[in-house]
Amino acid sequence: MGLTATRDASLVKEFAEIAAREWDASGIRKGYMYMADIVTDPLWNRTNGTFGEHPDLSAQMITAVVKGFQGEQLGPHSVSLTTKHFPGGGTRLDGHDPHYAWGKPNPYPTAGSLLKYHVPSFKAAFDAGSRSVMPYYAKLDNSLNAPQLPNGQQFEEVGF
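To keep things clear, this report deals only with the structure shown in the data block. (Residues numbered from 1 in each chain as written. Predicted model: local features only at pLDDT ≥ 70, side-chain atom pairs only at ≥ 80, totals over all residues. Heavy atoms only, no water.)

## What to know about the nonpolar core
- One finds Tyr34, Phe51, Ile62, Val65, Phe69 and Leu81 to be the most contacted residues of the largest nonpolar core, which totals 22 residues.
- Breaking this core down by element, the ones donating at least two residues are α2 (9-26), α3 (55-70) and α4 (113-128).
- If sequence neighbours within four positions are ignored, Tyr34 has contacts with Leu3, Phe15, Phe51, Ile62, Val65, Phe69, Thr82, Thr83 and Lys84.
- One finds Val39, Trp44, Tyr136 and Ala138 within the second-largest nonpolar core, a separate group that totals five residues. (Core = buried A, V, L, I, M, F, W, Y, C linked by side-chain atoms within 4.5 Å. Buried < 20%, exposed > 50% of the residue type's maximum accessible area, 1.4 Å probe, protein only. Helix = DSSP H or I, 4+ residues; strand = E, 2+ residues; numbered from the N terminus. Contact = heavy atoms within 4.5 Å.)

## Here we look at the packing of α2 against α3
- Closest axis-to-axis distance for the α2/α3 pair is 7 Å, and the angle between their directions is 30 degrees. Between α2 and α3, the interaxial angle falls into the category roughly parallel. Where α2 crosses over α3, the handedness of that crossing is right-handed. Across the interface between the two elements, Ala9, Val12, Lys13, Ala16, Glu17, Ala19, Ala20 and Trp23 from α2 touch Gln60, Met61, Ala64, Val65, Lys67, Gly68 and Phe69 from α3.
- In terms of residue class, the contact of α2 with α3 is made up of 10 nonpolar, two polar and three charged. (Axes fitted to C-alpha atoms, helices over the stretch in contact; angles between N-to-C directions. Parallel < 35°, antiparallel > 145°, perpendicular 65-115°, else oblique. Left-handed = near helix turned anticlockwise from the far one by under 90°. Nonpolar A, V, L, I, M, F, W, Y, C, P; charged D, E, K, R; others polar.)

## A short note on the environment of Leu3
- Position of Leu3 among the secondary structure elements: in helix α1 (residues 2-5).
- When its relative accessible area of 23% is taken as the criterion, Leu3 is described as partly exposed.
- Spatially, the C-alpha atom of Leu3 lies 9.9 Å from that of Gly52, the residues being 49 residues apart in sequence.
- Apart from residues lying up to four places away in sequence, Leu3 is in contact with Val12, Phe15, Tyr34, Phe51 and Met61.

And the structure:
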């Protein structure tokens, strides 16, 4: 969230380019980062690792980070990133962490919120070239969700 507070994608990209050079010098070629999750519950203990609650700003920041670490094309001096935690792991029930059984349900209480708020930053990460995505320990629970899918369809209640 500190990077997002700059509201300056070019500065964030510069940060990522510098970090990538440092990592490259150390022989590190893979990073399990950054989180493109959109925060919907401030009680979630992983909020500080995200780019916040604003989908467009988060999309700008994740794009800058991916392009900074990986470059315009993945190459021998790139740091390949794994974007976390698709699809929309930041929507937590009462802030609970899905590493624990009581925190696994993933709520989308606002109609259409998954596509409107949670998907754009992941789409931006993939468009920027993020090499992989980490799922999460959460699971979908239709009893907690407002309609998200067309024609009244419901999610298959499986883990991410």
